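# An overview of the molecular structure
If you want the building blocks of each chain, they are given just below.
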Amino acid sequence: MSSSIREWLNLLVRWFHVFAAILWVGQTYYFTWLDGQFGRLVKGAAADGTNSSIWMVHSGGFYAVDKQKSLKVGPEQVHWFRWEALMTWLSGIVLLFLVYYSSSGLVDPDVANISQAQGIVIGLAVMAGGWIAYDFAVRSPIGKSEPLFAGLSLLAIAVLAWGLMHVFSGRAAYIHLGAVFGTIMSANVWFRILPAQRKMIAAAAAGTQFNAPLSVQAKLRSKHNTFMAVPVVFIMISNHFPVATYGNAYGWQVLVALVLVGWVAAKIIRNT
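So, here's what we can say about the structure.

Cut-off values and rules
Residues numbered from 1 in each chain as written. Predicted model: local features only at pLDDT ≥ 70, side-chain atom pairs only at ≥ 80, totals over all residues. Heavy atoms only, no water. Helix = DSSP H or I, 4+ residues; strand = E, 2+ residues; numbered from the N terminus. Contact = heavy atoms within 4.5 Å. Areas by Shrake-Rupley, 256 points an atom, 1.4 Å probe, with all protein chains shown as cover. Core = buried A, V, L, I, M, F, W, Y, C linked by side-chain atoms within 4.5 Å. Buried < 20%, exposed > 50% of the residue type's maximum accessible area, 1.4 Å probe, protein only. Salt bridge = Lys/Arg side-chain N within 4 Å of Asp/Glu carboxyl O. Polar contact = N/O pair within 3.5 Å; in protein donor to acceptor, adjacent residues only side chain to side chain. Phe/Tyr/Trp six-rings, centres within 6.5 Å; stacked < 30°, edge-to-face > 60°. Expected span 1.5 Å × (residues − 1). Bend = angle between axes of the 7 residues up to and from the residue. Pairing = 2+ DSSP bridges. Axes fitted to C-alpha atoms, helices over the stretch in contact; angles between N-to-C directions. Parallel < 35°, antiparallel > 145°, perpendicular 65-115°, else oblique. Left-handed = near helix turned anticlockwise from the far one by under 90°. Nonpolar A, V, L, I, M, F, W, Y, C, P; charged D, E, K, R; others polar.

### Some points on the overall build of the protein
Within the protein, the regular secondary structure consists of 7 helices and 2 strands. For the protein, the C-alpha atoms occupy an extent of roughly 70 × 45 × 35 Å along the three principal directions. Counting contacts in the protein only where the partners sit at least 6 residues apart, residues at least 24 apart contribute 72% of the total. A total accessible area of about 15800 Å² is found for the protein, and carbon and sulfur atoms account for 69% of it.

### What about the nonpolar core?
Of all hydrophobic cores here, the largest spans 58 residues; its most connected members are Tyr100, Leu106 and Leu177. Within the residue set of this core, elements represented by two or more residues are helix H1 (3-43), helix H2 (83-101), helix H3 (116-139), helix H4 (146-165), helix H5 (170-206), helix H6 (212-238) and helix H7 (251-270). A per-element tally of this core places H5 first, with 17 residues. In this structure Tyr100 touches Leu95, Gly105, Leu106, Gln116, Arg171, Ala172 and Ile175, once residues within four positions along its chain are discounted.

### Some words on the side chain of Thr245
Mapped onto the fold, Thr245 is located in the loop between H6 and H7. Residue Thr245 is classed as buried on the basis of its relative accessible area of 4%.

### Regarding the pattern of salt bridges
As a working rule, side chains carrying opposite charge can pair if their charged atoms are close by. A complete count under the given rule lists 6 salt bridges for this structure. As a salt-bridge pair, Lys67 and Asp35 come within 3.2 Å of each other at their nearest N and O atoms. Separated by 32 residues along the polypeptide, Lys67 in the loop between strand E2 (61-66) and H2 and Asp35 in helix H1 bring together distant segments of the chain. Accessibility expressed as a relative area gives 29% for Asp35, which makes it partly exposed. Its salt-bridge partner being Asp135, residue Arg139 comes within 2.9 Å of it at the nearest N-O pair. One end of the pair is Arg139 and the other is Asp135, both in helix H3 and 4 residues apart, which spans about a single turn. Overlapping salt bridges bring together Asp135, Arg139, Arg192 and Arg221 as one network.

### Details of the side chain of Thr183
For Thr183, the location among the structural elements is in helix H5. Of note is the side chain of Thr183, whose polar atom sits 3.0 Å from the side chain of Trp89. If we skip the residues at most four places from it in the chain, Thr183 touches Trp89, Met127 and Trp131.

### Notes on the packing of aromatic side chains
Within this structure, the stated rule accounts for 8 aromatic pairs. The interplanar angle of 65° and the centroid separation of 5.1 Å between the aromatic rings of Phe31 and Phe81 together place this pair among those described as edge-to-face. Remark: Phe81 occurs in the loop between E2 and H2 and Phe31 occurs in helix H1; sequence separation between them is 50 residues.

### Some thoughts on H5
Over its 37 residues, H5 extends 53 Å from the first C-alpha to the last, a length consistent with the 54 Å expected when each residue adds 1.5 Å. At Ile193, H5 shows its largest kink, close to 35°, and the proline Pro195 lies no more than four residues downstream. Positive phi shows up at Gly207, right after H5, with a value of about 75°.

### Observations concerning the pairing of strand E1 (residues 53-58)
Alignment of E1 against E2, held across 6 bridges, turns out to be antiparallel. Within E2, the residue paired with Ile54 across the bridge is Val65. Counted between consecutive antiparallel strands, the loop separating E1 from E2 contains 2 residues, among which Ser59 sits at a positive phi close to 45°.

### Digging into the packing of H3 against H4
What describes two packed helices is the angle between their axes and the distance between those same axes. Here H3 crosses H4 at 165°, and the two axes come no closer than 12 Å. Classified by the angle between their axes, H3 and H4 sit roughly antiparallel to one another. The element H3 and its partner H4 pack so that their crossing is right-handed. Judged by residue contacts, Val126, Tyr134, Ala137 and Val138 of H3 engage Phe149, Leu160 and Leu164 from H4. Partitioning the contact of H3 with H4 into residue classes produces 7 nonpolar, no polar and no charged.

### Points about the environment of Ala203
Considering the arrangement of structural elements, one finds Ala203 in helix H5. On a C-alpha basis, the gap between Ala203 and Val99 in space is 45 Å, while along the polypeptide they are 104 residues apart. The residues contacting Ala203, other than those within four sequence positions of it, are Thr208, Gln209 and Phe210.

As structure tokens, this is what we get:
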């Protein structure tokens with residue numbers, strides 16, 4: 001592949017990746033905001049139990065949104081937000097192969113004496129292992145305690161960041177932590193949130209009671225995604241600022257600190 005073709009391919013895939021991420025993160029935070037607004041409305045709901053609407057204005061029109069407890073249309077009329085997550089993750093994986101796995105940007109002989117093939121195996125294993133460890137933790141008793149889960153997650157992130165900085169080049173280490181977050185977020189959508197929504201729609205269509213714990217788990221995964229989204233966006237742009245990030249003498253500490261800052265920012269956004 002010529003350098004010109006590689007550059008154009010890199011540019012076009014990156015363009016697609018960034019736009020897909022905008023769509024995904026945008027709709028995620030939009031529904032997070034809606035959920036928060038409905039939570040406030042419930043506290044002051046009318047005694048007769050009528051639904052309260054959220055009124056918005058945009059692009060020359062007024063919009064009223066209602067939150068329903070039952071499905072009042074056919075399942076085929078329900079719009080699902082799902083492809084944004086898959087397209088973001090797939091394009092990210094393509095970029096990972098273009099920029100790191102098929103070039104010299106992955107390994108640094110001054111950091112670790114490993115081959116390109118070994119680096120690729122480690123990178124893919126870290127992404128898969130990150131999802132498995134996260135999924136297990138969320139479903140364990142640890143996942144029921146928000147402070148405990150957050151504390152252990154930050155510790156795991158610190159260990160992972162330190163480890164990656166001692167295996168890959170600094171830039172690749174940062175990107176792989178972002179890839180772990182992105183993999184977890186996308187897997188949350190496709191393996192935990194969407195299956196729960198399918199069962200919820202099927203139960204509503206059949207007039208049966210939906211399994212409430214599934215709904216709680218799906219909402220928790222969606223909440224976690226909002227907390228990972230901010231650090232992921234930072235990591236996506238970090239490669240443009242090597243002095244402040246991966247090239248810094250305290251590269252992994254900076255990464256962990258900014259993940260924590262991202263969590264705080266996500267908390268503020270969620271409560272706005």
